[in-house]
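Spelled out from the first residue to the last, the chains are:
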Amino acid sequence: METWLFYGVLSETPWWAVTLGSLLIFGLLGFTGSPLWIWSVAIIALLYALGAPLWLATAAVILVTLLLLKPLRRALLSRPMMRMLDALGVLPRISATEKFAIEAGTVWVEGELFSGRPNFRRILAEPYPTLTEKEQAFVDGPVEALCSSVTDWEIRTAREFPPEVWDIIRHERLFGLIVPRKYGGHRFSAAANSATVSKLNSHSYPLGITVMVPNSLGPAELLIHYGTREQQEYFLPRLADATLTPAFALTELEAGSDAGAIRATGEVFRDQNGEVKICLNWRKRYITLAAIADLLGLAFKLKDPENLLGQGTNPGITCALVHTDTPGVVVGDRHDPLGVPFVNAPTEGHNVIVTPDAIIGGAEGAGRGWQMLMECLAAGRGISLPASSVGTAKSVFLIASAHAVVRRQFGLPLGKFEGVQEALARIGGFAYLMDAARIYTVGAIDQGAAPAVVTAIVKYNLTELGRKVVIAGMDITAGNGISLGPRNSIAHNYISIPIAITVEGANILTRTLMIFGQGAIRCHPWAYKEITALERHDVTAFDYAIWGHLGHIVRNGFRAVLLGLSRGRLAGAAGVRGPAARYVRRLKWASASFAFLADIAMVSLGGQLKRKEMITGRFADIFSWMYLATATIRRFEAEGRRSEDRPYFRWAMDYALARIQEAFDGLYANVRVPGLTWLLRGPVALYSRFNSLGRDPSDRLSHKVAQLMQTPGEQRSRLTAGCYKPAADQPGLGKLEAAFTLACEADQIMSRVSAAVRKRVLSRRPKRTLAERAADAGIITAAELELVRRSDAARLEAIQVDSFDPETYRRHHQVNTISIKVGEDMALATQADSIAGT
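Residues numbered from 1 in each chain as written. Predicted model: local features only at pLDDT ≥ 70, side-chain atom pairs only at ≥ 80, totals over all residues. Heavy atoms only, no water.

### Focus on the pairing of strand E7 (residues 344–354)
Item 1. Of the pairings in the sheet, the one linking strand E3 (residues 276–288) to E7 comprises eight bridges and is antiparallel in character. The partner of isoleucine 287 across the bridge, within E7, is alanine 345.
Item 2. By the bridge criterion, two bridges tie strand E6 (residues 329–330) to E7 in an arrangement that is antiparallel. Bridged to valine 329 within E7 is glycine 349. (Pairing = 2+ DSSP bridges. Helix = DSSP H or I, 4+ residues; strand = E, 2+ residues; numbered from the N terminus.)

### Comments concerning the packing of aromatic side chains
Pairs of aromatic rings are described using the distance from one ring centre to the other and the angle between the two planes.
Item 1. For the structure on display, the rule yields 26 aromatic pairs.
Item 2. Plain terms: the ring middles of phenylalanine 114 and phenylalanine 623 are 5.3 Å apart, the flat faces sit at 85° to each other, and that makes the pair edge-to-face. In this pair, phenylalanine 114 sits in helix H6 (residues 109–115) while phenylalanine 623 sits in helix H25 (residues 613–638), placing the two residues 509 residues apart along the sequence. Like phenylalanine 114, the residue phenylalanine 623 is buried in the burial classification.
Item 3. A centroid spacing of 5.5 Å and a plane angle of 55° characterise the contact between phenylalanine 161 and tryptophan 166, whose relative ring orientation is tilted.
Item 4. For phenylalanine 161, a relative accessible area of 10% puts it in the buried group.
Item 5. Over the face of the ring belonging to tyrosine 432 we find arginine 635, whose NZ or CZ atom lies 4.2 Å from the ring centre.
Item 6. Over the ring of tyrosine 655 we find arginine 659, and its NZ or CZ is 4.5 Å from the ring centre. (Phe/Tyr/Trp six-rings, centres within 6.5 Å; stacked < 30°, edge-to-face > 60°. Buried < 20%, exposed > 50% of the residue type's maximum accessible area, 1.4 Å probe, protein only. Lys NZ or Arg CZ within 6 Å of the ring centre and 35° of its normal.)

### Concerning the nonpolar core
Item 1. Core analysis: the biggest nonpolar cluster contains 136 residues, and Phe623, Tyr627 and Ile660 have the highest contact counts within it.
Item 2. For this core, the element with the most residues is helix H17 (residues 418–446), which contributes 15 residues.
Item 3. Once residues within four sequence positions are removed from consideration, isoleucine 660 is found in contact with Leu587, Ala590, Ile622, Trp625, Met626 and Leu693.
Item 4. Core analysis: the next-biggest nonpolar cluster, separate from the first, contains 32 residues, Ala104, Tyr183, Trp370 and Leu373 among them. (Core = buried A, V, L, I, M, F, W, Y, C linked by side-chain atoms within 4.5 Å. Contact = heavy atoms within 4.5 Å.)

Laid out in structure tokens, this is it:
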């Protein structure tokens, strides 16, 4: 083979060695993300060494010069590329409302994960907070007292809180968790807010949501960030001590997850006295606390035909505060969300007249409502609902593990059966991971970050995992789980969990539109820069972004291939040692593959990508599980790499990597890339299955997690810390936990009896007198026999279910029947109003 390749300085070198050496050099350049000038030098040096002809060397020099000289590159390459992309509509167009949503908040560690080259030293140095002494005392004191003041069954049957609950809420200023101290609030950290909601929700969903809502998106939070001094001084003290009960009215008939589609209106006018006023009209629904609210936060579209406020004639979405005793405000009726008795209601306003002072922030706040909402949700979405889901998960952890020990079938505790162990392991592994993600996220919020994509990730995933935990718990408790009554501590979680799935952005849309749809633009290091440069027709900015993006793609392509071939071993562990090091390397591999494939999809699908929601959903799953796995590593490292927690840690990490692999497999099977679809669906997909990032937790690991969950002691208490645990004489979880403790002690005693049976010291039959015969034989003491008897009695009491006489049964369900009837009447009335209006 006589070619020019053999006439350079490498003429004596075999062709395969030249090829291998070139691949290694350029692989190293790509893997490390070397700058363009180093690539240029390497290419020219290689051509020289190979003895390239003059025409090829000249072409290479011209191309390198063109790429390195920015003015020349902008004129000859970047400008034509910008025009072409604009004409083809490759990059997505962003509306004004989308722009607010994308720019709301900040980019935190999710930007590292999206980059393809995450800096895990920085990621694992982020705070993993604990409560201050004062905050812990509040959770252990007033919050504990509130839980103890009423049972969930009492709330469910009465359909309202008793007066003592409201007294505690007011006296302990539980509506003022986020209100600054100078206004009479607590001004707790996001971590303490989260811990409070989590504990309340572990006991009673209605109790948790009632305290949660005033401390999340609503009048108090909006006033703290955007209110005038006069508004803050008047309203915040009254909100903190619950003198004013707040509600925030956003959702409407045709504006749910698409909150920007609201039709509530406000029009500025001068009244007969020449004073500037605003006339409001609205019809809202699903508004928590609206039926009992004194102060209504209202989102509406403001028009100002005469520009009386000085913000233009059509300012747009605005937020205002309206006292519910203002003429024209309609409150009082209630929705019935799955029979869960928290106050959720519609509200209407008909020609309600307020002054411009009602606008949050005064006249200058006109038209800033959407910005306010997006900025507050960017952080707030990561606090309340994730916390409520963690509270539920910890409660189910205790219920299911205790039930698995106390309940016996075929002569064995349920927890000895592998099918039950599989479900228990899901509960334990998810609870460990969920709490890790909750704490890691609120740590960022407490540092001043408002990571909109991360909070969407934890809202979606923790509520979904909470649902999986509850279902697993229901499978384990079986008949005890489906029989309602004061003894049943789990069924109401099962009934309530869809509410968390639905609010603050329905989960389906959160996954497909927010996590990756907005995340691909917000977290990508170059995409948003390209889009804004294209919108402004800024060639300089576009040149910087497009060539940076191309370099980003090349680097991640090399990293994805090389990390895949080495199964992540080429990536460093960022100083992490022990069992977590392997997972850090796997996540770096996943990040590079994710970033490269995301760019391939963005380039091939362009502006159509955000409408390919099955595709964006799979990308969202990879992104989500990378973050959840990262949070789990942070927890394991922050807690000192406890050896006893390794099974929980490994289970959570194996599950996360398996979900990432599952999503990649789905993408390879469904992403269409012109000319390359066959490659993804054939060789790449096959290679990915044989060289997977991870597989589901092994049976052996699941067995170990289930075993630990059924072992009383420090670890079980620590992993469920922050969950409300009723007194031992209380029905439901209280008596179940007491029976669990006794059963574990009795099992240790009876293990000696079983050993005696195996040695034929005791006869196996009759089994019911085995303990008594063992005591007679001196195998166990009289005190131990008494403990076994108490354990048997407690166990039988704990697995009892409730039954009701016909009158009590009808009374429990009468309220629901009335609610359904009222709902039907309201629907008919609305239909009649519509017909009359037409």
